[in-house]
Structure formats: structure tokens, C-alpha cells
Amino acid sequence: MSQFKSDFLNILSTRGFIHQISDTEALDAAAAAGTISGYIGFDATAPSLHAGSLVQIMMLRWMQKTGHRPIALMGGGTTKIGDPSFKDESRKLLNDAQIAANLEGIKQVFAKFLSFGEGATDARMVNNADWLDRLNYIEFLRDYGVHFTINRMLSFDSVKLRLDREQPLTFLEFNYMILQAYDFLELSRREACVLQMGGSDQWGNIVNGIELGRRCDQKQLFALTTPLLTTSSGAKMGKTMSGAVWLNPDMLSPYDYWQYWRNSEDADVGRFLKLYTELPMDEIARLAALGGSEINDAKKVLATEATAMLHGRETAEQAAETSRRAFEEGQSAAGLPTIALDLAGGTGVLQACVAAGFASSNGEARRSIQGGAIRINDVAVADDKLRLTGDMLSADGTIKLSMGKKKHVLIRPS
């Protein structure tokens with residue numbers, strides 16, 4: 001028997017997206033009765049979103065697939081302040097040109113997951129700068145400041161954490177939760193939006209918006225949050241030793257993206273298949289139950305399905321084949337990530353490892369060599385003073401640099 005009346009909440013619940021809902025029965029009834037609109041906000045703090053944002057994007061996708069209208073809110077206005085939630089220090093403030101450039105970068109991802117248009121269930125993309133940039137400060141404080149108490153704002157975990165750690169919380173950042181609440185009110189008025197979704201760290205901010213909608217317009221609005229996701233070993237989603245797992249292909253190649261999912265921990269495979277793919281639940285259960293070395297087959301399915309969602313099926317299958325050739329046949333493959341280095345003058349193997357993203361420093365690269373992890377053209381490197389030169393080029397004009405069994409880069413002459 002289904003837990004919910006609506007397909008929307010049933011799917012989110014079954015696949016592990018739900019942490020909290022403000023009024024479960026009322027939201028479920030509204031979603032079962034007809035089309036509703038819901039939004040998630042994305043601040044433009046970088047030129048690309050990373051894999052940590054995928055859960056939110058997938059919720060918008062499932063919202064659309066179950067007959068509702070998703071709204072992707074671009075934070076052109078709120079990025080100027082920066083969300084202080086659960087941060088130990090203030091974000092670096094960006095200027096208008098940087099924010100505009102970042103917005104252009106992150107917008108391209110959404111077209112991969114959502115269908116935009118003017119229909120009842122077509123996705124919408126809006127920018128909160130459209131209303132926040134035009135606010136009159138005195139009027140805003142008079143009309144909306146009266147609905148927020150300092151006592152309540154200080155009670156939210158996101159604020160208490162910063163204060164408990166004796167880290168400064170600027171008045172600028174303190175305003176963020178008021179502006180996010182106002183976003184919800186504006187979207188309720190402009191887009192008939194009744195639902196805001198986000199990570200569990202956003203619960204207090206979203207509840208503020210619900211309360212503002214009730215006080216100002218006597219409307220019932222809803223909150224739905226997801227668990228804050230980490231890997232089984234406690235690592236933050238979307239981060240690796242070598243940096244963020246970016247969603248834009250100009251910042252992370254489809255092959256490296258495929259490898260990120262292929263390298264998932266065994267214990268995460270079932271959960272990630274539910275969250276990051278659209279495979280049927282019975283197929284996910286079958287794959288998650290695989291044991292021993294067979295779990296690697298499930299990881300390859302996860303990698304291919306997740307990559308297909310973002311980069312397309314053909315690109316995903318090319319990445320899978322490139323990986324198979326590189327790992328199973330020991331071949332240099334054209335689809336591997338490629339970097340250009342000075343081979344005429346010779347480049348040290350330590351510097352090459354850093355340039356390839358295998359290490360963050362020469363010292364770290366040296367330790368990898370001492371551990372036998374670094375190979376050139378599939379031959380282990382013993383000398384950390386080795387220099388890469390043109391006479392090491394293979395028939396295809398590259399040098400294959402590897403770390404362990406899973407990381408490979410092709411080096412071409414610059």
C-alpha cells in the first residue's frame with residue numbers, strides 16, 4: 001500500500017529524497033488533487049554547479065515527471081550576500097560581472113534535466129535579482145521586518161552553530177534568511193508557487209518563508225527538505241581529493257565524471273542508484289544486492305546512467321568504453337582526459353602528477369611514487385626525479401600517466 005496519495009511524494013519517499021515536510025498530509029493532498037509549483041534556489045557562487053547539487057536538481061526533475069511545475073530560482077540577488085547556513089566564515093563577495101558570468105555557466109545544466117516552456121508543467125527559470133535589486137530598504141523593513149524576531153532567528157541551528165563556534169556572523173549575512181523568505185513570498189505571488197525544497201540545512205530559512213506567506217497573504221505554503229548527503233566514509237558529496245565534481249563539461253570531462261561514480265564506495269551503490277538515476281526500483285534492488293567483485297558491475301551501471309543524465313547516452317557509453325579499454329586492456333584510449341606539457345624541455349614526473357590532478361603537491365606525488373602507484377605508459381615509476389620527454393611518446397603521440405588502477409591521463413606536447 002502506498003504511503004502517499006500523490007505520485008510525487010511516493011517517488012521521493014521511495015527513492016530516499018525526503019527528510020522533513022512541513023505539513024505532509026496537506027502537501028500530499030494538494031499534489032494529488034492537481035498541478036502544484038515548487039522551487040529550489042541556486043546561488044551563483046561558481047561558474048558551474050557540482051555533484052552536491054544533483055539531489056536538488058533530481059527533485060525538480062521528478063516533480064516535472066509526476067505532473068507538476070518545477071521552478072529553478074537563480075540567486076542573482078542573494079549571491080551578493082551569500083548564505084551563511086552552517087558555514088564557519090563569510091563567503092567571498094562577488095561583483096555583478098562575476099555573478100552574471102557564473103549564472104550563465106550554471107544555467108546550461110538545467111536544460112539537461114528539465115523541459116522548459118509555457119505549459120502547465122513546463123519548468124520555469126527565474127532570477128531573484130528581478131525583485132531583490134529593486135527593493136527600497138526602508139519600505140522593505142517597514143513592510144516585512146515586522147514579521148521576523150531576532151529571538152527566533154537566533155534559535156535556528158544555522159545561526160547557533162556559527163555563534164557557538166565564536167565565528168563572526170555579519171549583519172549582511174544575517175539578512176540572508178529574510179531575503180530567502182521574501183523569495184518564497186514573491187514566487188507565491190508571481191508563480192503561484194506553494195512549495196520550497198532544499199537540503200535539511202535550509203529548513204529554518206524555508207520555514208521563515210512559510211510563516212511570511214501566512215502572515216502577509218494568508219496562504220499555506222510548504223517545505224520539503226532532503227537529508228544532507230555524505231558518502232559512507234563521511235566525505236561530502238560532490239567533492240574529491242582533487243577538487244569539486246563539476247557538472248559543466250568544460251570544468252570536468254565526461255570521462256572524469258563517469259569515473260567519479262564508478263569509484264563509489266560499495267555501501268553507497270544502492271542509495272546512489274535511487275537518487276541519481278531513473279532505473280526501476282526492482283532493478284536497483286538487484287544491482288544493490290550484488291556481492292564480491294560483481295558490485296563493480298553495479299558501479300559501472302551507476303556511472304553510465306548518471307553520466308547519461310548529464311552528458312547524454314552516447315557520451316556516457318563512450319566514457320564506459322574508454323574506461324574498459326584503459327583498465328581491462330591496458331590501452332591508451334582517445335577518450336581519456338588530456339593535458340599538454342612541455343616535453344621538449346622535459347617536465348618532472350612530480351609536476352606532471354600535480355598537473356594531472358593526481359596530487360596537490362610535489363610531496364604528495366613523491367609519496368605516491370614511493371608507494372608504487374604512479375606508472376608511465378603502464379610501467380611503474382621508481383625515480384621521482386624522472387623527466388617526461390618527447391622520446392616517451394607512444395605511436396598516438398601521447399604519454400599515458402596513471403595513478404593506481406583507476407586514474408589515467410594522456411599527456412601531449414605543448
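Before reading further, recall that the structure is shown in the block above.
Owing to the predicted nature of the structure, the values given are computational and were not obtained by experimental measurement. (Residues numbered from 1 in each chain as written. Predicted model: local features only at pLDDT ≥ 70, side-chain atom pairs only at ≥ 80, totals over all residues. Heavy atoms only, no water.)

Break down the environment of Asn263 for me, with residues and values.
Considering the arrangement of structural elements, one finds Asn263 in the loop between helix 12 (254–262) and helix 13 (269–276). Of the residues examined, Asn263 reaches a relative accessible area of 32% and is grouped as partly exposed. Sequence separation of Asn263 and Asn296 is 33 residues, and the distance between their C-alpha atoms is 9.0 Å. (Helix = DSSP H or I, 4+ residues; strand = E, 2+ residues; numbered from the N terminus. Buried < 20%, exposed > 50% of the residue type's maximum accessible area, 1.4 Å probe, protein only.)

Residue-level account of the packing of aromatic side chains, with values.
One pass over the full model with this rule turns up 10 aromatic pairs. Where Phe42 meets Phe110, the ring centres are 4.9 Å apart and the plane angle is 70 degrees; that geometry is what we call edge-to-face. Placement of the pair is Phe42 in strand 2 (residues 37–43) and Phe110 in helix 4 (residues 96–113), with a sequence separation of 68 residues. A residue is classified by how much of its surface remains accessible, and Phe110, at 0% relative accessible area, is buried. Taken together, a centroid distance of 5.5 Å and an interplanar angle of 45 degrees make the contact between Phe140 and Tyr144 tilted. Remark: Tyr144 and Phe140 occur in helix 6 (residues 137–144); sequence separation between them is four residues, near one turn of the helix. Accessibility classification places Phe140 together with Tyr144 in one group, the buried group. Taken together, the aromatic side chains of Tyr257, Tyr260, Trp261, Phe272 and Tyr276 make up a single cluster linked through ring pairs. (Phe/Tyr/Trp six-rings, centres within 6.5 Å; stacked < 30°, edge-to-face > 60°.)

A description of the side chain of Ser48 should follow, citing residues and the corresponding values.
Mapped onto the fold, Ser48 is located in the loop between strand 2 and helix 3 (54–65). Given a relative accessible area of 3%, Ser48 falls into the buried group. One polar contact links the side chain of Ser48 to the main-chain amide nitrogen of Leu247, over a distance of 3.3 Å. Looking at Ser48, its side chain comes within polar contact range of the main-chain nitrogen of Asn248, at 3.1 Å. Residues within four places of Ser48 in sequence aside, it is in contact with Ile106, Trp246, Leu247, Asn248 and Met251. (Polar contact = N/O pair within 3.5 Å; in protein donor to acceptor, adjacent residues only side chain to side chain. Contact = heavy atoms within 4.5 Å.)

Outline the environment of Ala33, supporting the account with residue identities and numerical values.
Here Ala33 is to be found in helix 2 (residues 24–33). Residues Ala33 and Lys5, spaced 28 residues apart in sequence, show a C-alpha to C-alpha distance of 9.2 Å.

Give a description of unusual backbone geometry that names residues and reports values.
Although it is not a glycine, Gln218 sits at a positive phi angle of roughly 55 degrees. Mapped onto the secondary structure, Gln218 falls in the loop between helix 11 (203–217) and strand 6 (222–226). Using a relative accessible area of 62% as the deciding quantity, one classes Gln218 as exposed. Even without glycine at this site, Asp378 takes up a positive phi of about 70 degrees. Along the chain, Asp378 falls in the loop between strand 11 (374–376) and strand 12 (379–380). Note on Asp378: relative accessible area 35%, which makes it partly exposed.

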